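Remarks on the overall topology
Read off the chains here:
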Amino acid sequence: MGNFISKEKHSESENSVEIRGLITCDTGENQTPFLIWDISDQSLGLWSSTKLEENQAVTLTFSQPFVLVVTAQVEWCEKQSQNHGFRIGLTLNEESTKKLINITKSLEKLKPNTD
């Protein structure tokens, strides 16, 4: 397994790309929005208004700028201060990791060149 995202707060780049989508829990009943705040080689850090349980299986659906569906497992879920939702750490399976890496490479090409 690769590096895992920590619960530490990450600094934001001025060239960051905001990636949003919907989380579907393993029960398949509800979909709630999420925002990605960190990506590493086999894991994601998300913000969501919904609390998820540790070891829970989820499906993440992205619609912009590319359509992508990946599966993941919740590693941790931490409530934010003042009822501002939850920070969530997820690990991806191998197939989902490959899909996300391909999308990330495509997004890098869309960033303006600041050199």
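Residue numbers run consecutively from 1 along every chain, following the written order of its sequence. The predicted nature of this model means local features are confined to residues of pLDDT at least 70 and side-chain atom pairs, given and counted, to a pLDDT of 80 or more, with totals for whole chains, interfaces and linings taken over all residues. Excluded from the side-chain calculations are hydrogens and water; all other atoms, namely the structure's heavy atoms, are used.

1. Description of the overall build of the protein chain
Using the following cut-off: Every helix listed is a DSSP run of H or I at least four residues long, and every strand listed is a run of E at least two residues long, numbered separately from the N terminus. Exposed residues in this analysis have more than 50% of their type's maximum accessible area, buried residues have under 20%, and partly exposed residues fall in between, with area computed by a 1.4 Å probe over protein chains only. Only heavy atoms enter the contact rule, under which two residues are in contact if any of them lie within 4.5 Å. Throughout, the Shrake-Rupley method with a 1.4 Å probe supplies accessible areas, and for residues the shown protein chains are the sole cover considered.
A count of helices and strands for the protein chain gives one helix and six strands. Moving toward the C terminus, one meets the helices and strands of the protein chain in the order β-β-β-β-β-β-α. Considering the protein chain as a whole, with its 115 residues, one finds that 34% of them fall into the buried category. Long-range pairs, those at least 24 residues apart, make up 54% of the contacts in the protein chain with a sequence separation of at least 6. If you sum the accessible surface of the protein chain, you get close to 7500 Å²; carbon and sulfur atoms cover 47% of it.

2. With respect to the sheet that holds strand E5 (residues 68-79)
How we decide: Two strands pair if DSSP finds at least two bridges between them. For every element, the axis is a line fit to its C-alpha atoms; helices are fit only across the contacting stretch, and the angle between N-to-C directions ranges from 0 to 180 degrees.
The sheet built from six strands closes into a barrel, its strands ordered E1-E2-E3-E6-E5-E4 with antiparallel pairing. Ignoring which end each strand starts from, the neighbouring axes of this sheet average 45° apart. Across six bridges, the pairing between strand E3 (residues 43-48) and strand E6 (residues 86-92) is antiparallel. Pairing of serine 48 across the sheet is with phenylalanine 86, part of E6.

3. Quick word on the pairing of E6
Every other side chain in a regular strand lies on the same face of the sheet, so the side chains alternate between the two faces. The element E6 is largely enclosed, with a buried count of seven among its seven residues. Neither face of E6 is exposed, since Phe86, Ile88, Leu90 and Leu92 on one face and Arg87, Gly89 and Thr91 on the opposite face are all buried. The pairing of E5 with E6 spans seven bridges and is classified as antiparallel. Counted as the bridge partner of valine 74 is leucine 90 from E6. Hairpin remark: E5 followed by E6, antiparallel, with six residues in the connecting loop; positive phi at glutamine 82, about 55°.

4. Here we look at the packing of aromatic side chains
The way to describe two aromatic rings as a pair is by their centre distance and the angle between their planes. The line we're drawing: Working definition: a ring pair exists when centres of Phe, Tyr or Trp rings (six-membered ring for Trp) sit within 6.5 Å. Plane angles under 30 degrees give stacked, over 60 give edge-to-face, the rest tilted. Consider the ring centre and the ring normal. A charge sits over the ring if Lys NZ or Arg CZ is within 6 Å of that centre and within 35 degrees of that normal.
A full pass over the atoms with the stated rule returns two aromatic pairs. Ring centres of phenylalanine 34 and phenylalanine 62 lie 5.4 Å apart, and the angle between their planes is 90°; this geometry places the pair in the edge-to-face category. Of this pair, phenylalanine 34 sits in strand E2 (residues 31-40) while phenylalanine 62 sits in strand E4 (residues 57-62); the two residues are 28 residues apart in sequence, bridging distant segments of the chain. Each member of the pair, phenylalanine 34 as well as phenylalanine 62, is classed as buried. Its guanidinium or amino end placed over the ring of tryptophan 37, arginine 87 lies 4.5 Å from that ring's centre, counting from NZ or CZ.

5. Quick word on the environment of glycine 85
Position of glycine 85 among the secondary structure elements: in the loop between E5 and E6. Residue class for glycine 85 comes out buried when judged on its relative accessible area of 9%. Linking glycine 85 and threonine 50, residues 35 residues apart in sequence, is a C-alpha distance of 6.6 Å. Apart from the residues lying within four places of it in its own chain, the contact partners of glycine 85 are Trp47, Ser48, Ser49, Glu78, Lys79 and Gln80.

6. Section: the nonpolar core
The test is simple: Nonpolar cores are built from buried Ala, Val, Leu, Ile, Met, Phe, Trp, Tyr and Cys residues. Side-chain atoms within 4.5 Å join them into one set.
Judged by nonpolar contacts, the single largest core of 21 residues is most densely connected at Leu46, Val58, Leu60, Phe62 and Leu90. Among the secondary structure elements, those contributing two or more residues to this core are strand E1 (20-25), E2, E3, E4, E5, E6 and helix H1 (94-110). Setting aside anything within four residues of it in sequence, one finds leucine 60 in contact with Leu22, Ile23, Phe34, Leu44, Leu46, Leu68, Val69, Val70 and Leu90.

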